[in-house]
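# A closer look at the structure
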Amino acid sequence: MRLAAIATAAGAFSALFGVGGGAIIVPLLILWLGYEHREATGTSLAAIAIIGALAAAAHAAYGNINLEDGLLVAAPAVAGVLTGTALQQRISERAVAGAFVVLLVASAAVLVF
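The structure contained in this document is the topic of the report that follows. All figures in this text were calculated on a predicted structure; none of them were measured in a lab.

The next subject is the overall build of the protein. Looking only at helices and strands, one finds five helices and zero strands in the protein. Each helix and strand of the protein, placed in order from N terminus to C terminus, yields the pattern α-α-α-α-α. C-alpha extents for the protein along the principal axes are approximately 40 × 35 × 30 Å. A buried classification covers 15% of the 113 residues belonging to the protein. For the protein, contacts bridging at least 24 residues in sequence account for 47% of all contacts bridging at least 6. Side-chain charges in the protein split into 4 positive and 5 negative, and the spacing between the mean points of these groups amounts to 14 Å.

A word on the packing of aromatic side chains. Tallied over the entire structure, the rule returns one aromatic pair. On the numbers, 5.8 Å between centres and 50 degrees between planes, the contact of Phe13 with Phe17 is tilted. Taken together, the residues span about one helical turn, with Phe13 and Phe17 both in helix H1 (residues 2–17) at a distance of four residues. The exposed category is assigned to Phe17, whose relative accessible area is 59%.

With that settled, consider the environment of Ala97. Following the sequence through the fold, Ala97 ends up in helix H5 (residues 93–112). Assessed through its relative accessible area of 29%, Ala97 is described here as partly exposed. Placed 59 residues apart in sequence, Ala97 and Arg38 show a C-alpha to C-alpha distance of 9.4 Å.

Time to look at the nonpolar core. Core analysis: the biggest nonpolar cluster contains nine residues, these being Ile6, Ala10, Ile24, Ile25, Val26, Leu28, Leu29, Ala40 and Phe100. Elements represented by at least two residues in this core include exactly H1 and helix H2 (21–33).

To continue, consider the environment of Ile30. Relative to the assigned elements, Ile30 resides in helix H2. A relative accessible area of 28% places Ile30 in the partly exposed class. When the C-alpha positions of Ile30 and Ile48 are compared, they lie 17 Å apart, and in sequence the two are 18 residues distant. Excluding its chain neighbours within four sequence positions, the residues that come into contact with Ile30 are Tyr35, Glu36, His37 and Ala40.

Rules behind the numbers
- Residues numbered from 1 in each chain as written.
- Predicted model: local features only at pLDDT ≥ 70, side-chain atom pairs only at ≥ 80, totals over all residues.
- Heavy atoms only, no water.
- Helix = DSSP H or I, 4+ residues; strand = E, 2+ residues; numbered from the N terminus.
- Buried < 20%, exposed > 50% of the residue type's maximum accessible area, 1.4 Å probe, protein only.
- Contact = heavy atoms within 4.5 Å.
- Lys, Arg positive; Asp, Glu negative; His and termini not counted.
- Charge placed at Lys NZ, Arg CZ, Asp CG, Glu CD.
- Phe/Tyr/Trp six-rings, centres within 6.5 Å; stacked < 30°, edge-to-face > 60°.
- Core = buried A, V, L, I, M, F, W, Y, C linked by side-chain atoms within 4.5 Å.

Written as structure tokens, this is what we have:
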């Protein structure tokens, strides 16, 4: 039941704001289901691959996709994914969680101000 609530919240936030995995799924998997940070991140990424594909298809149907820009963003992001995953495996769970908190708070501050 909690997993369904997490998924519903992630889907709603993803559709409304373009966020869901990192900002919704990861914290709730950790807080509600007791996942370790790395497991929550990996599980979220697996879900986001499916969610992202479906969301992109829906936005494409509405004409909201600039494919060229999407590809320009995706190409270097692959290098970031590989680098970030390797780094996450080498630092402590606490450091990963702390960095994630800093990122979320900074993001919130930028959006509010």
